[in-house]
Amino acid sequence: MVKLQLPNPGLDNRIPSHSELETIEKEEADTRPKWDNKAQYMLTCIGFCVGLGNVWRFPYLCQSHGGGAFMIPFLILLVLEGIPLLHLEFAIGQRLRKGSVGVWSSIHPTLKGVGIAAMLVSFLVGLYYNTIIAWVMWYFFNSFQEPLPWSDCPLNANSTGYVEECAKSSPVDYFWYRETLNISTSIDDSGTIQWWLLLCLTCAWGVLYVCTIRGIETTGKAVYVTSTLPYVVLTIFLIRGLTLKGSVNGIVYLFTPNVTELANPVTWLDAGAQVFYSFSLAFGGLISFSSYNSIHNNCEKDAVIISIINGFTSIYAATVIYSIIGFRATERYDDCFGRNILILTNAFDLPEGNVTQENFKQMQKWCNMTDPGTFVGLKFETCNLESFLTDGVEGTGLAFIVFTEAITKMPVSPLWSILFFIMLFCLGLSSMFGNMEGVLVPLQDLNIVPKKWPKELVTGLICAGSYLLAFIFVLNSGNYWLALFDSFAGSIPLLIIAFCEMFSVVYIYGIDRFNKDIEFMIGHKPNIFWQATWRVISPLIMLVIFFFYFVVKVNEELLYIIWDPNYDQFPKSERVGYPDWVYAIIVILAGVPCLVIPVFAIYKVIRNCCQEQDGHQGLVISVSEPSVNGDLKNHA
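Quick caveat: nothing in here was measured; it's all calculated off a predicted structure.

A. Region of the structure containing unusual backbone geometry. Going from Glu 146 to Pro 147, the amide bond is cis rather than trans, its omega being 0°. The amide bond that connects Phe 570 to the next residue, Pro 571, takes the cis arrangement and shows omega of 20°. Note on placement: Pro 571 falls in the loop between strand S1 (559-562) and strand S2 (574-577). Despite not being glycine, Ser 159 shows a phi value in the positive range, around 60°. The phi angle at Asp 349 is positive, at roughly 50°, despite the residue not being glycine. Within the secondary structure, Asp 349 is located in the loop between helix H16 (299-348) and helix H17 (360-370).

Given below as structure tokens:
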């Protein structure tokens, strides 16, 4: 085993001893926030980890990488990458009883930048994540109609036909791109604020404020609904989906592995990234949540249970989604065949019902022999069930286009629409609880917020500031901005933060010290699996993912998808290059959180060289308790 440890003078002075921990826990029992019970803590962590990505990103990746074949690298990397890092975050938060900034400052003064970087990523991701919740609310409000507003195209101004843009595309596309986003044709064309989306954005941030106003005191109550209801709705959809024609086609397609995909390095790269994102690691929220536990809570067991639930949810949600996609594909296949049958029936004046899907080929041959001249002039569509099943849409399109189209074909479609968007709302809101914790706690750790300010005011200011910045997402070009944030704010920075976390604990804090801490907390030392993954395997996997991701991104032209009714291949989306000024935004989104870590470390080294240091002076001038709803206590 690797036993390299970097020198770390003064560490014992920055962290409480084991005996002091039990004393501190008793002394702060009434002043420091804690979970009401174990279930509340577990539901909060599950809600934070299990988010919208489990519902739409994982099924899309399965579809893109050979169905069941993608699950093999996903489950392997879940074990070797996800679980070890989750256990590490739980254990270090519980041991040091601080938020992300406080934890890394205690381990070594120069590591405070790791906590600041996690705070910045949580803030940036929260900005656009809550905008998706606003979109969900807009669809939810529009679901109380029969028929649903995206089931048919609207009439044009003189009521002589359908609106041209809708007629060329589809009702669900038109409702999403025009009625909801009112999207422009480029990120340069900002347009104006869409008032209906602004109202939904106001509601989204208002609901989040109410739920987080007193930190875990209020979020701990909300998770009983937001973390459990999605599973109830998924189960209802699965039962309903299995009764629909063609649902089994989707499920069989999902679980039929294309083993050749296992030789594709991009499949493993995407699997590693999906494991990483689906656990909500490196945001700082999980460290804060675990710090509210009893010092002897079994964090190892928690990490394993939450990991199993997370992996199960991804596969379960994909099964539900593909049962509905199978139904949608079968409906489109039947409609395609129906149009072909109608063409043949009308051309040869055949009795209605004579031509079916089963005898269509034979009837084509008979018609061709009867009147070859007429038959040659007929234009039939190509109807292939597999092509409809593989017609996947990434990201938000899966929820707002594919799934909404399937819902319109179900009986009592408003009911299913209401259930679906309630589920998405709960998934998104419970994830935002962790994002807010990842922003609020570090702000207090850094003493940016005056200690005398009431917690309701601090939470309100963060929500209000984020709400105002999120106006950029409700412009005509808002969807392009959201895609930009999604691609760069929560990708490379999280990977670098997570690598720094694991390296810091193993090689700066010291793996032997960490093993003793865990033995003190749960009663036994970590086994060989944890030792191997923490020391070598997990950091190596993160480095490989970072290297390949960097190589892929550097070599590919940065393109984004636009919706342009004047595009010659419309309704297909057009891919165009970003304008030059966007590269500066990318540097801010992906570069600033990454650069904070080395820049702060260099700043502290230079500062320490320029000042006389005593035994207690170092990185942490003062560190506060990791609570958004408790009194702050400074430690020198």
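B. Representation of the confidence of the model for the chain in the model. Residues with a pLDDT of 70 or more make up 95% of the chain, whose mean pLDDT is 89. Confidence, expressed as mean pLDDT per element, reaches its minimum in the chain at helix H14 (residues 265-278) with 82 and its maximum at helix H10 (residues 195-212) with 97. A low-confidence stretch, residues 615-636 (pLDDT under 50), is modelled with 77 contacts involving residues beyond four sequence positions or located in other chains.

C. Structural view of the state of the cysteines. With the rule as written, the count across this model stands at two disulfides. One disulfide in the model links Cys 153 with Cys 166; its S-S distance is 1.9 Å. On the sign convention where negative means left-handed, the S-S torsion of about -85° between Cys 153 and Cys 166 marks this disulfide as left-handed. In this pair, Cys 153 is assigned in the loop between helix H7 (112-141) and helix H8 (164-168) and Cys 166 in helix H8, connecting sequence segments 13 residues apart. You can call Cys 153 buried: its relative accessible area is 14%. Residue Cys 166 is classed as buried on the basis of its relative accessible area, which comes to 1%. Shown here is the disulfide that connects Cys 336 with Cys 383, its sulfur atoms set 1.9 Å apart. Taking the sign of the torsion about the S-S bond as the criterion, the disulfide between Cys 336 and Cys 383, at about -85°, is left-handed. Of this pair, Cys 336 sits in helix H16 while Cys 383 is found in the loop between helix H18 (372-376) and helix H19 (385-389), placing the two residues 47 residues apart along the sequence. Summarising the burial analysis for this pair, Cys 336 and Cys 383 share the class buried. Cysteine Cys 594 shares no disulfide, and the gap to the nearest cysteine sulfur, in Cys 500, comes to 8.9 Å.

What counts as what
- Residues numbered from 1 in each chain as written.
- Predicted model: local features only at pLDDT ≥ 70, side-chain atom pairs only at ≥ 80, totals over all residues.
- Heavy atoms only, no water.
- Helix = DSSP H or I, 4+ residues; strand = E, 2+ residues; numbered from the N terminus.
- pLDDT = per-residue confidence, 0-100.
- Contact = heavy atoms within 4.5 Å.
- Disulfide = S-S within 2.5 Å.
- Buried < 20%, exposed > 50% of the residue type's maximum accessible area, 1.4 Å probe, protein only.

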